[in-house]
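Report on the structure
Here are the chains, one letter per residue:
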Amino acid sequence: MKHLIDPTDLSLKEIDEILSLAEDIIQNRKKYSEVCKGKKLATLFYEPSTRTRLSFEAAMLELGGSVLGFSSADASSAAKGESVADTARTVSKYADIIAMRHPKEGAPLVASMYVDIPVINAGDGGHNHPTQTLTDLLTIKETKKRLDNLTVGFCGDLKFGRTVHSLIKQLSCYENMKFILISPPELQIPDYIKEETLLKKNIPFQEVCEMDTVINDLDILYMTRVQRERFFNEADYIRLKDTYILTLEKLENAKPDLKILHPLPRVNEIATEVDNDPRAVYFDQVEYGKFVRMALMLKLLGLDQTVE
Ligand code: NCD
């Protein structure tokens, strides 16, 4: 049984196949409209979500399957004290594939140990978010036409931002990458990512506090929200939340072919005036997220080879 818990659960070859399949789905939507007929996706979301849950659901519906699930812990037996393992085991009797989001790191991994259907981690605490990574990879591939030889700036909450952790892990597998990590000292990337990924793989990286001095070097700028729900106190959040606000003025020195990504939701970190700049691709990214989840589910359900 193949699950997707950590981005490294997929080999580069498998990632490549998923991205190519997503590209084929984009080109030939009709061909895929009934591939998942009779299949059910369960979305078990113990934490708020708009894009991830709805894109999973839209993805399954567009493949001809159906969806069931819950969108908050309060609406499930978790509120009565049921364990993740028991809930997952129960749901596996009703569905063919599970997408789970949970505030606790490791919860989807636990679920995957108790069921005989694929489990997809749709975000576990401040840890990983592998399907956002697939979304980000497809967005980069489509807009830059390559996944190697890139200088990528990550900006904002690099400490708690799980999308950043997963994307750094994955991008580190491609050739000739360079990372510029832009954050206040309190929100720097965790040591384990530095040690287990960046230093171990000899990836050149730089940690800076200011965006202005590095923006002209970047091919990709990955903006993130300060993760309020993971802070221990509100005062720190308020002090740090508006550290970076990307405006058109700040983009004056940036490359004309820079691409600006954001996993969304945006709070204040990108001024809305940037939305119409051709370098802003975060709303395209939202749509790529649906196509890549269609491709991923087909692959995990073993249905990727059934379409001619
Ligand atoms: C992200 C998440 O949940 O980690 N959102 C998403 O899934 N697109 C980013 C965030 O919440 O800031």
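Let us look at the structure shown here.

Definitions and cut-offs
- Residues numbered from 1 in each chain as written.
- Predicted model: local features only at pLDDT ≥ 70, side-chain atom pairs only at ≥ 80, totals over all residues.
- Heavy atoms only, no water.
- Patch = residues over 30% accessible without salt bridge, like charges linked within 9 Å, V, L, I, M, F, W, Y side chains within 5 Å.
- Areas by Shrake-Rupley, 256 points an atom, 1.4 Å probe, with all protein chains shown as cover.
- Salt bridge = Lys/Arg side-chain N within 4 Å of Asp/Glu carboxyl O.
- Helix = DSSP H or I, 4+ residues; strand = E, 2+ residues; numbered from the N terminus.
- Pairing = 2+ DSSP bridges.
- Axes fitted to C-alpha atoms, helices over the stretch in contact; angles between N-to-C directions.
- Near = heavy atom within 4 Å.
- Polar contact = N/O pair within 3.5 Å; in protein donor to acceptor, adjacent residues only side chain to side chain.
- 1 Å grid on protein atoms, 1.4 Å probe; cavity = no way out; pocket = protein on both sides within 12 Å on 5 of 7 lines; lining within 4 Å.
- Sits in = over half its atoms within 2 Å of the grid points.
- Nonpolar A, V, L, I, M, F, W, Y, C, P; charged D, E, K, R; others polar.

Brief notes about a nonpolar patch on the surface
Among the surface-exposed residues, L109, V110, M113 and Y114 lie close enough to one another that they form a single nonpolar patch of about 380 Å² accessible area. Secondary-structure assignment places M113 in the loop between α4 (107-112) and β4 (119-124).

Overview of the sheet that holds strand β2 (residues 66-70)
Spatially, the four strands line up as an open sheet ordered β2-β1-β3-β4, and their pairing is parallel. Of all the strands in the sheet, the pair left with one neighbour each is β2 and β4. When the angles between neighbouring strand axes are averaged without regard to direction, this sheet yields 15°. Here five bridges tie strand β1 (residues 40-45) to strand β3 (residues 97-102), and the two strands are oriented parallel to one another. Residue pairing in the sheet places L44 in a bridge with M100 of β3.

Some details on the site of the ligand
Every residue lining the ligand is accounted for by T52, R101, H129, Q132, R162, T163, R225, Q227, P263, L264 and P265. In this structure, Q132 approaches the ligand through a side-chain N or O atom, which is 3.1 Å from a nitrogen atom. At a separation of 2.8 Å, an oxygen atom of the ligand approaches a polar side-chain atom of R162. When each cavity is represented as a set of grid points, the ligand is found to reside in the largest pocket. Here the shell around the ligand is built from residues that sort into three nonpolar, five polar and three charged.

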